[in-house]
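Here is what each chain is made of, one letter per residue.
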Amino acid sequence: MSIKAFHDRRRLVAAVAAAAVLSAAMTLAAPTAKSAAGRSVEERIQALQSDRQIRELLEEYGHRFDTLDLAGYSHLFSAKGTWNGNFGGSYVTATGPAEVLAMMMRVLGKPQYDARKVAGFHLMTNFLIRVEGDHATSFSRWTYFIRDKDNDLTPSLAGHYEDKLIREQGQWKFLERRVFKDIPND
Amino acid sequence: MTSSVKSRKWIVYAAVLGIAVVASSALLGLRAQAATGGKSSLEERLQKLEDEQAIRNLLVEYGHDLDTQDLVGYSKLFAKDGTWKGGIGSAQGPEGILAMLQKAMAKAPPFDPNKVRSFHLLTNFFIVVDGDKATARSKWTFFRRTDDNKLAPSLAGHYDDTFVREDGKWKFKSRVAPHDIPNPTDEK
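Each residue is numbered by its place in its chain's sequence as written, counting from 1. Just so you know, chain letters begin at A and ligand numbers begin at 1, following the order they were written in. A pLDDT threshold of at least 70 governs which residues receive local features in this predicted model, and a stricter bar of 80 or more applies before side-chain atom pairs are shown or counted, although totals over entire chains, interfaces and linings include all residues. Side-chain metrics rest on all non-hydrogen atoms present in the structure, leaving aside hydrogens and water.

## Some remarks on the packing of aromatic side chains
Heads up, the condition is: In summary, the pairing rule links any two rings of Phe, Tyr or Trp, Trp by its six-membered ring, whose centres are within 6.5 Å, and it sorts them by plane angle into stacked for under 30 degrees, edge-to-face for over 60 and tilted for everything else. We call a residue buried when its accessible area falls under 20% of the maximum for its residue type, exposed when it is over 50%, and partly exposed in between, using a 1.4 Å probe and counting protein chains only. A helix here means a DSSP run of H or I that spans at least four residues, while a strand means a run of E at least two residues long, and both kinds are numbered starting from the N terminus. Counting as a charge over the ring demands two things of the Lys NZ or Arg CZ atom: a distance within 6 Å of the ring centre and an angle within 35 degrees of the ring normal.
This model, assessed by the stated rule, comprises 21 aromatic pairs over all chains. Note on Tyr73 of chain A and Phe77 of chain A: the rings are 6.2 Å apart at their centroids and 50° apart in plane angle, and the pair reads as tilted. The pair Tyr73 of chain A / Phe77 of chain A is uniform in exposure class, with both members buried. Ring plane angle 5° and centroid distance 5.4 Å describe the contact between Phe119 of chain B and Phe143 of chain B, whose orientation is recorded as stacked. Linking Phe119 of chain B in strand β3 (residues 118-130) with Phe143 of chain B in strand β4 (residues 133-145), this pair joins segments that are 24 residues apart in sequence. Grouping residues by exposure puts Phe119 of chain B and Phe143 of chain B together as buried. One aromatic cluster in this structure is built from Tyr61, Phe65, Tyr73, Phe77, Trp142, Tyr161 and Phe174 of chain A. Geometry around Tyr161 of chain A places Arg177 of chain A over its ring, the cationic atom sitting 3.4 Å from the centre.

See the structure below:
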């Protein structure tokens, strides 16, 4: 191979390498391209995932309540998260998992869940969630059904929640839950 | 090497670079399509998920505005030529729908959050998005407070909806709200 041909080949290799780097950069950069609304694909997917995780949090709250997993229930709250509402005959504000757990045990005692003798459950519906990065707000409805003294399924209480939520270490938690009972009226 | 041979070489390099750029652009498209079996791009799939979420919120917002008697907010959930048809009649456009509701609820006392009389449970959402249009069906169960202050299921039915994206926001194009139980035929 002549020296000229060697240099020509080097130039060709350099051009191909440059093209490969450019095409790789374009391919990798594409998913983070900003949309017309100014949000990246990553941000939009995160918002959808956050919405899904908050829905699960709202339902998990009901599940842990209904199965009397009170410790698990209390850990759905952020360290500074508050539970606010009428419970056990008076208006209560409990802050953080330890206070929320203490409040539940004060009103409910230390009940044991028996899957064959379910006393009641919460239907969680009408989720209206607004996500703003690591913060969110939500409205939702709860309808509480009980097994009455004749062993019949009976709607008993209904209300709604107004929540503020926060994402901590990748997990959505309650920052403020305000619990409203709508029917029966007090 | 003559200068014409040199410039030919550079034309070859430029051509290689150009081909690589075009190929990478094509690959980008192929990559997005490959994941969906050639159905739609990543952007289209993401948009569809966002649209479903926005429509789910619209379905719930409707119930929220109705239950809190925010009739103006409720009427604005409809497209300019959007229609509503159900137990209290039918109407078209936000103004027409607002007038229909104001007439139907003229005798109802104003909403009092401490004296809630009723609410809609909204469930069973089935949403199909197709570009700037969509359809959905869902169920509504209406609970009320009885005269002796008890919670009672009162009426149940479903919604058949079509939607349109208007100025970037999803709106009801048509909503039909039939009663299922009690049966309309049994109503006195």
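## Brief notes about the packing of helix α2 (residues 41-66) of chain A against helix α2 (residues 42-67) of chain B
Threshold: Every axis corresponds to a line fitted to the C-alpha atoms, with the helix fit spanning only the stretch in contact, and the corresponding angles, defined between N-to-C directions, vary from 0 to 180 degrees. When describing relative orientation, an angle under 35 degrees is termed roughly parallel and one over 145 degrees roughly antiparallel, while 65 to 115 degrees is termed roughly perpendicular and anything else oblique. The sense of a crossing depends on the near helix, which, turned anticlockwise from the far helix by less than a right angle, makes the crossing left-handed and, turned clockwise, makes it right-handed. Note on contacts: a residue pair is in contact if any heavy atoms of the two residues lie within 4.5 Å. In this classification, the charged set is Asp, Glu, Lys and Arg, the nonpolar set is Ala, Val, Leu, Ile, Met, Phe, Trp, Tyr, Cys and Pro, and all remaining amino acids, among them Gly, are polar.
Look at α2 of chain A against α2 of chain B: their axes get within 11 Å of each other, and the N-to-C directions meet at 40°. What the angle tells us is that α2 of chain A and α2 of chain B run oblique. Crossing hand, α2 of chain A versus α2 of chain B: left-handed. Contacts between α2 of chain A and α2 of chain B pair Val41, Arg44, Ile45, Ala47, Leu48, Asp51 and Arg55 of chain A from the former with Glu43, Leu46, Gln47, Leu49, Glu50, Gln53, Arg56 and Asn57 of chain B from the latter. Taken together, the residues of the contact of α2 of chain A with α2 of chain B sort by class into six nonpolar, three polar and six charged.

## Notes on the environment of Phe174 of chain A
Residue and element names in this part refer to chain A. Within the element layout of this structure, Phe174 appears in strand β6 (residues 171-183). For the pair formed by Phe174 and Ser156, sequence separation is 18 residues and the distance between their alpha carbons is 25 Å. The residues contacting Phe174, other than those within four sequence positions of it, are Leu57, Leu58, Tyr61, Leu76, Phe77, Ser78, Gly81, Asp163, Lys164 and Leu165.

## Topic: the pattern of salt bridges
Stated formally: The term salt bridge refers to a pairing of a side-chain nitrogen on Lys or Arg with a carboxyl oxygen on Asp or Glu at a separation within 4 Å.
Taken as a whole and judged by the stated rule, the model has 19 salt bridges over all chains. Of the charged contacts, one joins Arg178 of chain A and Glu162 of chain A as a salt bridge, the two residues approaching to 3.1 Å between their closest N and O atoms. Of this pair, Arg178 of chain A sits in strand β6 while Glu162 of chain A sits in strand β5 (residues 153-168); the two residues are 16 residues apart in sequence, bridging distant segments of the chain. Residue classification places Glu162 of chain A among the partly exposed residues on the basis of a relative accessible area of 29%. Of the charged contacts, one joins Asp161 of chain B and Arg175 of chain B as a salt bridge, the two residues approaching to 2.7 Å between their closest N and O atoms. Of this pair, Asp161 of chain B sits in strand β5 (residues 151-166) while Arg175 of chain B is found in strand β6 (residues 169-177), placing the two residues 14 residues apart along the sequence. For Asp161 of chain B, a relative accessible area of 3% translates into the label buried. Judged by relative accessible area, which is 1%, Arg175 of chain B ranks as buried.

## A look at the side chain of Ser138 of chain B
Of note, Ser138 of chain B is situated in strand β4. Setting aside chain neighbours within four positions, we find Ser138 of chain B in contact with Thr123, Asn124, Phe125, His158, Tyr159 and Arg175 of chain B.

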